[in-house]
Amino acid sequence: MSTAFDKLARPIQKWVRAQGWREMRDIQARATHVLMDSDADLIVAASTAGGKTEAAFLPLLSQILDDPSGISGFDLLYVAPLKALITDQARRLDDICREAELPVIPWHGDVPASVKTRAIKRPRGVLLITPESLEALFIRRGLELPRLFGATRAVILDELHSVLDSERGIQIRSLLARLEQSLNRLIRRVGLSATLGDMELAKAYLRPDSPGEVREVVAAGGGAELQLQLRGYVTGDNDDEGPSATDAIALHLFGHLRGSDNLVFAGARQAVEIYSDRLRTLCEKERLPQEFYPHHASLSRDHRDFVERRLKDGNAPTTAICTSTLELGIDIGDVTCVGQIGAPFSVASLRQRLGRSGRRPGKPAILRQYVVEAKLTPTSNFSDRLRLGLVRAVAMIELLLEGWCEPPKRGALHLSTLVHQILSVIAQRGGIHAQQLYGMLCQKGPFRQVDTQPFLDVLRALGHPETALIEQADDGLLLLGAMGEKLVEHYSFYAVFQTPEEYRLISGGKELGTLPIDNLIAPGMLLIFSGRRWLVLEVHDRDRVIMVSPAKAGVPPLFGGDPGNIHDRVIERMLDILEDQNRPIYMDATALELLEEARSHYAQLQFGPGRIAQLGENATILATRTGSIRTTTLALALRAAGFTVQTHDGFLEVFGKDGTPLLIDALAALASGEAVNLFTHSPNLVFEKFHPYLTEALLQQDAFSARLDTAALAELSRSILG
DNA sequence: TGATGTCGGGCGACCG
């Protein structure tokens, strides 16, 4: 059998030799065999910097060189969710493609129009594009798609794991399905991904019609040794001497991370600001050069570029205190250690974060997990007593060590994104019949969960005279309505996700970043932002601008954010941890003490064979043993029955009122499958960009499909009753 | 209500 290297085209072999590689990496060799010997779709899963890009491109480019199509159009299409990733990859591919004399065209909002015009005139080579820019191509050049993509051999989807479950993932899949339909043929799909929670689901996402035929190349696991510590801290110790929990963590970070490159994930932007401020102050006090910098999405591009460059250069030691901004595949080089403050929200993201460290041979990956718990008082809530943050951190670490991570959820209707794609198709083609549209998006596209009836309901909602997004001509053709035209015309249409309104923060003519408008800001106020302290000078509401100047003190602003979902498996593990007696060796003394406290309080609750515990006179605790979706569903059902309910990780705290039935009776009714209206208290159902155009009934269906699980309600109630 | 975050963009007018 010939080796993978032998299979590559001459110019590509030449490039490989020029790299001085002794041999191709295992995943590259395996991907080469699959891609050169078959026309199967493929998923390549490996950690960041695992050589995935080359694994896909070396063989795909070889095929193009060995067998030029002679047809017009881009030879390869690469779709990535970040502009920075496209810029990075364009640079790497440029090098390979120079040898092959194929153009590489990065295409996103910051790419000059001249580059785009040239590429459109004579489309060939590799097109690297964001989903939004691809959407714009469909809308603005819908009729030219065959000319632009007639020659396209394959589409490479980078960071597949990050879009599997999301609005943007559905958008990408819809665009690809539409492209294939307009070309009247399939285009091979190659997904590049970090470790996946469920390969079979990922295959179904990549190629819904034949997931069984999608091949996979997965990097051998293991690799770096993992060094792990979980440190516990108690806050609210005002009477005691010594630093607060925040200061203590900042001190520990300062002492252990100084002098090397590190990432510290603080969970929320406000926390990033607080820790950056503390660490900056520590550097100043010790008269040491600054090496701790904040990094999150509200900070200016300039500042973020500066931090990323410092990390990548490796010249001066740099620690970024960050949110998930530094989680995805932008290349920032290897870091010594990854810090995580507070329990993460998913094992998948914890794994992705950890993958940033220990990439050099012989170097361990280091995770420093910090958890802050409240100081207990006689009136402390049971959730504080159960130390749910700490227990969640332990559960996540154990699941990480076992190699598990969350699979994507399936079955969501994605009605907001459906609205977007309906408008996009109509704009692309000028008009379309309802039946054809349904076939395109729901039968052949990604909206397969949407039946004819809800689809017609969506069309009706969009065609309602007050909405006027679409209208129907006499011959039945669907056209854009007045509002629809306006919406699609503006560049804000291309993204499928919602963006909040923000102020721009300016100091001395330089933009520091943005603040959500729901912060109440007035002149004279003090702010912490970008890790520094500011005095608010002027607020211009109309232009959404805040002018500031440096100050000596400040408070961190509020940033928004929607809570995400914790997976069932994580909650199950949390309960197991509360019920067993293991003392993980990676926990420090305080963390172990907190864990013992949690266990003894859990034992005191005396859950019986069922999972009900009485707390005081009228509060009842239910252990749901399920994640956010099912726990929230049960909470809504009990609220509908008149109870006051607070939700926690895997627990509900239920209070009866005059006139409410016995909780046991209410649970028994649910267990018997009795119907319940979860929306009696009309909770907010508008979460996504195009939700405001839908009816209440459609919004409820969308919520049922993605955020709630009514089917599990009866079984969950039964198991709680025991 | 107990709680995060991230991501994207076309065109034409104007100026040198």
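Cut-offs and rules
Residues numbered from 1 in each chain as written. Chains lettered and ligands numbered in written order. Predicted model: local features only at pLDDT ≥ 70, side-chain atom pairs only at ≥ 80, totals over all residues. Heavy atoms only, no water. Salt bridge = Lys/Arg side-chain N within 4 Å of Asp/Glu carboxyl O. Helix = DSSP H or I, 4+ residues; strand = E, 2+ residues; numbered from the N terminus. Buried < 20%, exposed > 50% of the residue type's maximum accessible area, 1.4 Å probe, protein only. Near = heavy atom within 4 Å. Polar contact = N/O pair within 3.5 Å; in protein donor to acceptor, adjacent residues only side chain to side chain. Phe/Tyr/Trp six-rings, centres within 6.5 Å; stacked < 30°, edge-to-face > 60°. Lys NZ or Arg CZ within 6 Å of the ring centre and 35° of its normal. Pairing = 2+ DSSP bridges. Contact = heavy atoms within 4.5 Å. Axes fitted to C-alpha atoms, helices over the stretch in contact; angles between N-to-C directions. Arc of directions from axis to C-beta.

**Student:** How do you make sense of the pattern of salt bridges when you look at a structure like this?
**Tutor:** For side chains bearing opposite charge, pairing can occur when the charged atoms are close. Within this structure, the stated rule accounts for 41 salt bridges. Where glutamate 54 meets arginine 92, a salt bridge forms, and the shortest distance between an N and an O atom there is 2.8 Å. Highlighted residues: glutamate 54 in helix H4 (residues 52–66) and arginine 92 in helix H5 (residues 83–100), separated in sequence by 38 residues. Classification of glutamate 54 as buried rests on a relative accessible area of 9%. Residue glutamate 135 pairs with arginine 178 through a salt bridge whose shortest N-O separation is 3.8 Å.

**Student:** Mind showing me how you'd approach the protein's contact with DNA strand B here?
**Tutor:** Around DNA strand B, the surrounding shell holds 39 residues, and the nearest of these are Ser492, Gly560, Asp562, Pro563 and Gly564. Backbone atoms, meaning sugar and phosphate, form 51% of the atoms of DNA strand B found within 4 Å of the protein. Note that a sugar or linking oxygen of DNA strand B is positioned 3.4 Å from one of the backbone N or O atoms of proline 81. Aspartate 649 has a polar side-chain atom sitting 3.0 Å from a base nitrogen of DNA strand B.

**Student:** Is there a simple way to think about the packing of aromatic side chains in this case?
**Tutor:** For any two aromatic rings, the description comes down to two numbers: the centre-to-centre distance and the angle of the planes. Counted according to the given criterion, the structure contains 14 aromatic pairs. Taken together, a centroid distance of 6.0 Å and an interplanar angle of 45° make the contact between phenylalanine 57 and tyrosine 78 tilted. Taken together, the residues phenylalanine 57 in helix H4 and tyrosine 78 in strand S2 (residues 76–79) connect sequence positions 21 residues apart. The class for phenylalanine 57 is buried, based on a relative accessible area of 0%. Accessibility expressed as a relative area gives 0% for tyrosine 78, which makes it buried. Between the aromatic rings of phenylalanine 74 and phenylalanine 149, the centroid separation amounts to 5.8 Å while the plane-to-plane angle is 50°, which identifies the pairing as tilted. Linking phenylalanine 74 in the loop between H4 and S2 with phenylalanine 149 in helix H8 (residues 145–149), this pair joins segments that are 75 residues apart in sequence. Phenylalanine 149 matches phenylalanine 74 in its accessibility class, with the two residues each being buried. An aromatic cluster of three or more residues is present, and its members are Phe382, Tyr602, Phe607 and Phe651. The ring of phenylalanine 254 carries the charged tip of arginine 258 above its face, separated from the ring centre by 4.5 Å.

**Student:** Explain unusual backbone geometry here, please?
**Tutor:** Most peptide bonds take the trans configuration, and most residues that are not glycine carry a negative phi. The backbone of arginine 287 shows a phi angle near 50°, a positive value even though the residue is not glycine. Tracing the chain through its elements places arginine 287 in the loop between helix H13 (269–285) and strand S10 (292–295). For arginine 287, a relative accessible area of 77% gives the class exposed. One non-glycine residue, serine 530, lies in the positive phi region at around 60°. Within the secondary structure layout, serine 530 lies in the loop between strand S18 (526–529) and strand S19 (532–540). Residue class for serine 530 comes out buried when judged on its relative accessible area of 3%.

**Student:** Whenever I open this one, the pairing of strand S17 (residues 510–516) confuses me. Can you help?
**Tutor:** Taken residue by residue, a regular strand's side chains alternate between the two faces of the sheet. In terms of burial, S17 is a largely internal element, five of the seven residues being buried. Count of turn residues in the strand S16 (residues 502–507)/S17 antiparallel hairpin: two residues, of which glycine 508 carries a positive phi of about 55°.

**Student:** Even after reading the chapter, I still don't get the environment of proline 557, so can you show me in this structure?
**Tutor:** Among the structural elements, proline 557 can be located in the loop between strand S20 (545–550) and helix H22 (568–579). Every residue in contact with proline 557, bar those within four places of it in the chain, is listed here: Gln270, Leu515, Asn519, Leu527, Ile528 and Phe529.

**Student:** Sorry, what's going on with the sheet that holds strand S1 (residues 42–45) here?
**Tutor:** In sheet architecture, strand pairing relies on hydrogen bonds along the backbone and comes in two forms, parallel and antiparallel. Within the open sheet, the seven strands sit side by side as S3-S4-S2-S5-S6-S1-S7. Their pairing is parallel. Here the strands that pair on one side only, and so sit at the sheet edges, are strand S3 (104–107) and strand S7 (215–218). Geometrically, the sheet is characterised by an average inter-axis angle of 15° between neighbouring strands, direction not taken into account. Examined bridge by bridge, strand S5 (residues 154–157) and strand S6 (residues 188–193) share four bridges and lie parallel to one another. Following the sheet pairing, alanine 154 is matched in S6 by arginine 188.

**Student:** Help me understand helix H6 (residues 113–121), please; the structure alone is not making it clear to me.
**Tutor:** For H6, the full list of buried residues reads Lys116, Ala119 and Ile120. When H6 is viewed along its axis, its buried side chains cluster within an angular range of 100° and face the same direction. Within H6, the exposed residues directed more than 90 degrees away from the buried face are Arg118 and Lys121. Buried residues in H6 make contact with S3, helix H7 (131–140) and H8.

Geometric descriptors of this kind do not, in isolation, establish any biological role.
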